[in-house]
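Here is how the chains run, residue by residue.
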Amino acid sequence: MTAESNVSGQQNLVQALIHRAARNPDETAYHFISDLPGTHIKLTCANLLWEAASLAVVLQQGNLAGKPVLLACRTNCAFVIGFYACLLAGGIAVPTAPPRRESLKQRIQFIARHAGAAAILTDSDSVMATSFTPELPRIAIPQDNDGAGRADPCMWEPTEIRPDTPALIQYTSGTAADPHGILQTHGRLARACAAVRRSFGHDPQSASLITLPLFHEVGLMYGVLEPMMSGIPAMLMTPAQFVQRPGRWLYLVQHHRVTTIGGPNFMFDILLRKMRPNHLRGVDLSSLRVCFCTGEQVRAATLARLLDLLGPVGLKQQALLPCYSLSEAGRHVTGSLGKEGPDMDQPGIAGLSHPVVSCGMPHDDCRILVVDPVSRRQAAECEVGEIWLQCDSAGLAYWNEPLVSEAVFGALLADGDGPFIRTGDIAYLRSSELFVVGRLADRIRLCGAYHAPQDLELLAERSHCGLRPSSSAAFTVDGVERPKLVIVCEIRRELMRRREKWPQIETAIRNAIRRVHLLPVDDVVLLASGSLPKTSSGKVRRNQCRIDYLNGMLPTADAYERRRRHGTEPAMASHY
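Quick caveat: nothing in here was measured; it's all calculated off a predicted structure.

Colleague: What is the right way to look at the pattern of salt bridges in this model?
Modeller: As a working rule, side chains carrying opposite charge can pair if their charged atoms are close by. On inspection of all chains with the given rule, the structure shows 17 salt bridges. Residues E27 and R20 are paired through a salt bridge, measuring 2.9 Å at the closest nitrogen-oxygen approach. For E27, a relative accessible area of 29% corresponds to the partly exposed category. Between R498 and E500 there is a salt bridge, with its nearest N and O atoms 3.3 Å apart. Exposure remark for R498: the relative accessible area of 38% places this residue in the partly exposed category. Each of D442, E457 and R542 takes part in a single network of salt bridges with overlapping partners.

Here it is in structure tokens:
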């Protein structure tokens with residue numbers, strides 16, 4: 001049986017799970033990597049159906065069919081079981097991160113209230129201890145193999161699932177504003193999975209290794225949804241496991257002959273920072289066919305260094321797949337295999353000081369235009385504008401936000417063509433390939449020209465070895481005569497107590513940006529390590545940084561050290 005027939009024969013994820021459990025009950029559906037060797041957990045198709053159906057009975061007894069159910073799990077295994085239990089019960093899954101810190105506690109409370117959640121499905125003690133308004137029933141996901149006290153899965157009652165039946169409310173990261181919940185139906189999710197399978201070229205010999213958080217749309221699609229619909233095994237690591245031991249990630253690729261890996265640009269930066277050629281003795285990555293990079297802007301230097309490091313042990317240039325994804329589509333909508341690596345434009349394009357990486361051509365089921373957001377007319381080739389998208393598998397609307405949904409999902413060109421999804425991202429098209437520049441809301445206009453904040457941030461981070469990578473923010477605030485440029489950077493932990501080094505770091509940042517962009521930096525703020533406002537998926541919240549800066553709420557390294565010396569707990573910025 002081919003992967004094509006596996007997908008085309010199923011209408012939705014529930015049917016795919018039941019079909020696989022009936023045809024190949026002992027086939028591994030998901031393989032969860034443990035911190036201890038030899039203690040990995042494997043869920044076969046039959047076991048997954050049994051566990052999820054048992055939990056679905058509890059949800060059905062609570063009359064949760066058709067209602068949003070918050071899914072906040074500590075472990076990947078519990079998440080997968082809970083997600084399919086929601087679908088089997090006819091509920092609407094609402095994935096989110098468990099509240100490991102104050103910012104995530106605020107996020108889960110916001111999402112529960114905004115989604116109108118009817119219950120919470122979890123294996124997390126922190127979720128159990130979190131207060132919600134109004135108070136919500138909590139349903140514990142069993143964490144052991146003991147069947148005592150569990151509902152009989154044979155009591156599960158199949159529910160009618162049509163293509164337009166709601167399946168998922170996927171909340172955005174909230175990079176620039178409060179998170180929005182994107183409504184996805186069963187039919188649209190099935191079409192999205194099919195598009196991903198075609199893009200990655202998955203077949204019965206394929207296997208994925210995903211290290212992304214499953215509550216995020218990229219981790220959910222590539223780690224949970226598409227492998228089920230394509231009939232291939234998925235190996236799942238947590239982001240913490242990858243950060244602690246990236247070399248183990250490479251070993252797993254070799255040991256299990258993994259064909260598909262990937263993640264955001266900063267994930268590869270972590271790998272490059274921790275791995276050296278002498279760490280790769282005996283490593284064989286020749287099984288890899290897809291190494292995708294998405295979720296944030298792709299950096300040409302990162303891809304080049306990745307190929308230099310891993311090319312000698314089997315990573316092929318044609319396996320590198322930069323692509324453009326967005327929460328509203330729940331997947332990447334550009335980029336496919338079949339060419340000799342990604343194209344790049346030289347520095348200077350769109351005012352950037354670094355090369356711009358092509359994210360490939362739009363998928364067959366997508367139409368992408370670059371539009372002037374003011375005139376709403378299509379931009380000329382190589383002209384920067386906002387990305388507008390038409391896609392049959394994208395989300396329907398924002399949950400409980402009809403006015404915002406109309407503005408974002410119902411955009412029309414000046415000639416009436418549409419509707420399109422306004423992405424808020426800016427890019428240009430060259431020879432039908434998409435080159436992403438950044439976010440429309442984040443653009444910085446100084447000295448009569450636009451500047452990309454990520455360009456300034458990269459220069460700042462590389463200006464001094466004492467700064468943490470992927471942990472800076474550039475933004476402007478109102479000044480008397482002109483906007484003031486502010487650069488906020490985290491310093492490495494080992495420099496927190498070496499105050500005499502801080503002026504050198506500030507000077508290095510100012511000089512680097514002045515040398516390349518001829519811009520004066522009005523203020524440099526050094527933050528305590530790990531305190532920069534970020535989303536639950538690791539993206540920098542520049543707007544929140546600006547707000548905290550203006551309110552004097554940024555957790556500066558100076559304030560952190562003063563509080564530490566006085567024996568008080570340093571306060572961190574409050575954000576979703």
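Colleague: What exactly am I supposed to notice about empty space enclosed by the protein here?
Modeller: One simple way to see leftover space: roll a probe sized like a water molecule over the atoms. The tally for this structure, following the rule as stated, stands at 3 cavities of 30 Å³ or more. The computed volume of the largest cavity comes to approximately 60 Å³. Residue lining of the largest cavity: L168, Q170, Q184, L189, E217, L220, M221, L225, S327 and G330, and that is the complete set. Every element with two or more residues in the lining of the largest cavity is listed here: β7 (166–171) and α8 (217–230). When residues in the lining of the largest cavity are grouped by element, the largest group, 4 residues, is from α8. Here the residues of the lining of the largest cavity sort into 5 nonpolar, 4 polar and 1 charged.

Colleague: How should I be thinking about α8 in this particular structure?
Modeller: Residues spaced three or four apart along an α-helix point in a common direction, a consequence of the helix completing one turn every 3.6 residues. In terms of residue burial, α8 counts as a mostly covered element, since 14 of its 14 residues are buried. Just beyond α8, the residue with positive phi is G231, at close to 75°.

Colleague: Looking at this structure, how should I read the sheet that holds strand β21 (residues 433–439)?
Modeller: Note on sheets: strands pair through backbone hydrogen bonds, and any given pair is parallel or antiparallel. Pairing is antiparallel across the open sheet formed by 4 strands, whose spatial order is β18-β19-β20-β21. Pairing within the sheet leaves two strands with one partner each, and these edge strands are β18 (366–371) and β21. Within this sheet the neighbouring strands show an average axis-to-axis angle of 45°, counted without direction. Where strand β20 (residues 421–430) and β21 come together, 6 bridges link them in antiparallel fashion. By the bridge assignment for β21, L429 is matched with L434.

Colleague: Help me out: how do you make sense of the layout of surface pockets in this one?
Modeller: Taken as a whole, the second largest pocket holds about 340 Å³ of empty space. Contributions of two or more residues to the lining of the second largest pocket are made by α11 (265–274), α12 (300–310), α14 (453–462) and β24 (467–477). The biggest single contributor to the lining of the second largest pocket is β24, with 4 residues. Class assignment for the residues of the lining of the second largest pocket results in 5 nonpolar, 3 polar and 9 charged.

Rules used in this analysis
Think of each chain on its own: its residues are numbered from 1, step by step along the sequence as written. Local features in this predicted model are restricted to residues whose pLDDT is 70 or higher, and side-chain atom pairs enter the listing and the counts only when it is 80 or higher, whereas totals over whole chains, interfaces and linings include all residues. Side-chain metrics in this entry use all non-hydrogen atoms of the structure; hydrogen atoms and water are not considered. One speaks of a salt bridge when a side-chain nitrogen belonging to Lys or Arg is within 4 Å of a carboxyl oxygen belonging to Asp or Glu. The classification of residues rests on relative accessible area computed with a 1.4 Å probe and restricted to protein chains. Under 20% of the type maximum is buried, over 50% is exposed, and intermediate values are partly exposed. Using a 1 Å grid laid over the protein atoms alone, points where a 1.4 Å probe fits but cannot get out form a cavity; open sets with protein on both sides within 12 Å along at least 5 of 7 lines form a pocket; any residue with an atom within 4 Å of a point counts as lining. Grid points are joined across faces, edges and corners, and a volume is the space filled by probe spheres set on the points. Helical segments are the DSSP runs of H or I of at least four residues, strand segments are the runs of E of at least two, and each set is numbered from the N terminus. As a working rule, the residues Ala, Val, Leu, Ile, Met, Phe, Trp, Tyr, Cys and Pro are called nonpolar, Asp, Glu, Lys and Arg charged, and the rest polar, with Gly in that last group. For two strands to pair, DSSP has to find at least two bridges joining them. Axis definition: a line fitted to C-alpha atoms, over the contacting stretch in the case of helices. Angles run 0 to 180 degrees between N-to-C directions.

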